[in-house]
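# Coordinates in review
In case you want the letters, here they are:
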Amino acid sequence: MAESPIHDIVILGAGSGGYAAALRAAQVGVDVALVEADKVGGTCLHRGCIPTKAMLHSAEIADQVRDSAKFGVRSRLDGIDLDGVNAFKRGVVDRLYKGLRGLIAGRGVNLVEGRGEVVSPRQVRVAGELIEGRQLILATGSHARSLPGLAIEGRVMTSDQALALDWAPRNPIVLGGGVIGLEFASLWSSFGARPVIVEALERLAPNEDLAVSKQLERAFRRRGIGFKVGAKVVDVWQSQDEVGIRLENGEELSGDLLLVAVGRGPNTDAVGFEQLGLELDLGFVVADRQLRTNVAGVWAVGDIVPGLQLAHRGFAQGIAAAERIAGLRPPPLIEAGIPRVTYCDPEIASVGLTEAAAKSEHGADAIETVEYNLAGNGRSQVLGAQGFVKLVRLAGGPVLGVHLIGARVGELIGEAQLIVNWEAHPEDVAELVHAHPTQDEAIGEAFLALAGKPLHAHV
Ligand code: NAI
């Protein structure tokens, strides 16, 4: 029998972090085996970022048809064909999946299909076969969490089941006003439902700047999306046709579905991590800035590493780990410089520190902010986008945070990300000419205002 080769790297998990590591490793001439139990692409491609964005695009079209008379176009929304929405979503995912498989095969990555379990720092067992490597990258990702004692069944579901629905909810209850809760509430509302969000903290989008949360709450109210903040669920029940919850204050709500969107937990159970002696913190794998774990030769990337659970962070970590193993010296990732986008309507995009975080880090007197309202931005007026650009800077110093809310502002985060990560001063940006009329111009105008020379803004 031929002996199995010893690979330079074995990667466990082919989601965003794992496949990025594999592609980069192969690119720099490192021999790599990529072990995947399900489909390459992981949560982002099959159950997360991509399918939800496809559905949110259908939702945007529904809203545009509904509102078309405002733009002088007569049309009527006949209804949502959920089979059609799902077929569109599947088409997008399938094309990307095919492309990704092609990339993986084309770069010569050895894809091993099957559930892997780590048996030593150099070995992963897949269906009885040992896959050996000189280094091991763990990239097993995350799963939707539930509340203690709350079973995910029937009308109680997470985003996994909600994405696969073949019916459109009429009055869903959404538990959690974070990223997943906001995106689903937004899309179901566009499809004609009246969702209610229940959030334990005091505001929707609690990780965002306070001004963004307030603007979002106003916009959701106008859209008929209900929400209860500072609300804790104490009981959940369901029947054939209905699901009900009771809040701590005794209030009861009922609906046709309960989406549990209270965060995602790391997939670090039953994959051999503990036997390896790997240091875990609340189930997450502890890794240093180079993404090394406490076990020599074992690295960790993506959602299993504490921090932002975002696909683009996973890509960046995967690339960095592969490069370090290959002997390159990429700089450590700066977590605070990673951009964040929530694709609800209105969209939210941010990078760097919120005003509150900047004040607590540098002292209230050291922080200056400015908000530029999209009402003064020509392109936003054409699109009917309402919202603002908010800048947070260190007085006399660099920009620490950029916060955006409004239709399509996710596409503006690229410039904001450069500004924050390159520690630009407002005066540096204010002198750059922004194309007119673009929504991007709103960023330029905000910087003009912060540099003390506003153009299309009242002072
Ligand atoms: P999240 O952490 O963004 O939001 C969960 C929310 O649930 C929090 O606001 C929390 O206060 C609330 N919560 C927790 N327990 C609760 C309870 N018992 N009752 C009521 N509210 C409760 O997590 P989410 O939305 O589940 O998303 C999971 C991960 O997936 C996030 O890290 C997110 O960044 C990522 N993701 C990113 C997307 C994007 O970048 N556009 C899209 C979807 C998910």
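Further remarks concern the domain arrangement of the chain. Taken domain by domain, the chain consists of domain 1 (6-143 + 265-335), domain 2 (156-262) and domain 3 (346-450). A C-alpha centroid distance of 29 Å is found between domain 2 and domain 3. The partner domain 3 presents 13 residues to the nine residues of domain 2 that form the contact. Along the lines of polarity and charge, the residues of the side of domain 2 that touches domain 3 split into six nonpolar, one polar and two charged.

Looking at where Asp-38 falls in the secondary structure, it is placed in the loop between strand E2 (32-36) and helix H2 (42-47). Among the residues examined, Asp-38 registers 14 C-beta atoms within 10 Å and is labelled partly exposed. As a C-alpha pair, Asp-38 and Arg-115 span 77 residues in sequence and 7.8 Å in three-dimensional space.

Attention now moves to the sheet that holds strand E24 (residues 399-405). The antiparallel open sheet is built from five strands, whose spatial order is E20-E21-E24-E23-E22. Only two strands of the sheet have a single neighbouring strand rather than two, namely strand E20 (340-342) and strand E22 (367-373). Adjacent strand axes in the sheet meet at a mean angle of 10°, parallel and antiparallel pairs treated alike. Lying on the sheet, helix H9 (residues 355-362) is in contact with E22, strand E23 (388-394) and E24; it crosses E22 at an angle near 170°.

So, about helix H11 (residues 413-421). All of the buried residues in H11 are Ile-413, Ala-416, Ile-419 and Val-420. Looking straight down H11, one finds its buried side chains confined to an arc of 120°; they lie on one side. The inward-facing, buried residues of H11 contact E20, strand E21 (348-352), E24, helix H12 (426-430) and helix H13 (441-450). Positive backbone phi, approximately 50°, marks Glu-423, located one or two places after H11.

Judged by pairing direction, the sheet is antiparallel, and its three strands sit side by side in the order E12-E13-E14 without closing on themselves. Lying at the two open borders of the sheet, with one neighbouring strand each, are strand E12 (233-238) and strand E14 (252-255). Pairs of neighbouring strands in the sheet enclose a mean axial angle of 20°, with direction left out of account.

Analysis parameters
Residues numbered from 1 in each chain as written. Predicted model: local features only at pLDDT ≥ 70, side-chain atom pairs only at ≥ 80, totals over all residues. Domains from an automatic or database assignment. Contact = placed C-beta atoms within 7 Å. Nonpolar A, V, L, I, M, F, W, Y, C, P; charged D, E, K, R; others polar. Helix = DSSP H or I, 4+ residues; strand = E, 2+ residues; numbered from the N terminus. Buried ≥ 20, exposed ≤ 12 C-beta atoms within 10 Å, placed from the backbone. Pairing = 2+ DSSP bridges. Axes fitted to C-alpha atoms, helices over the stretch in contact; angles between N-to-C directions. Arc of directions from axis to C-beta.

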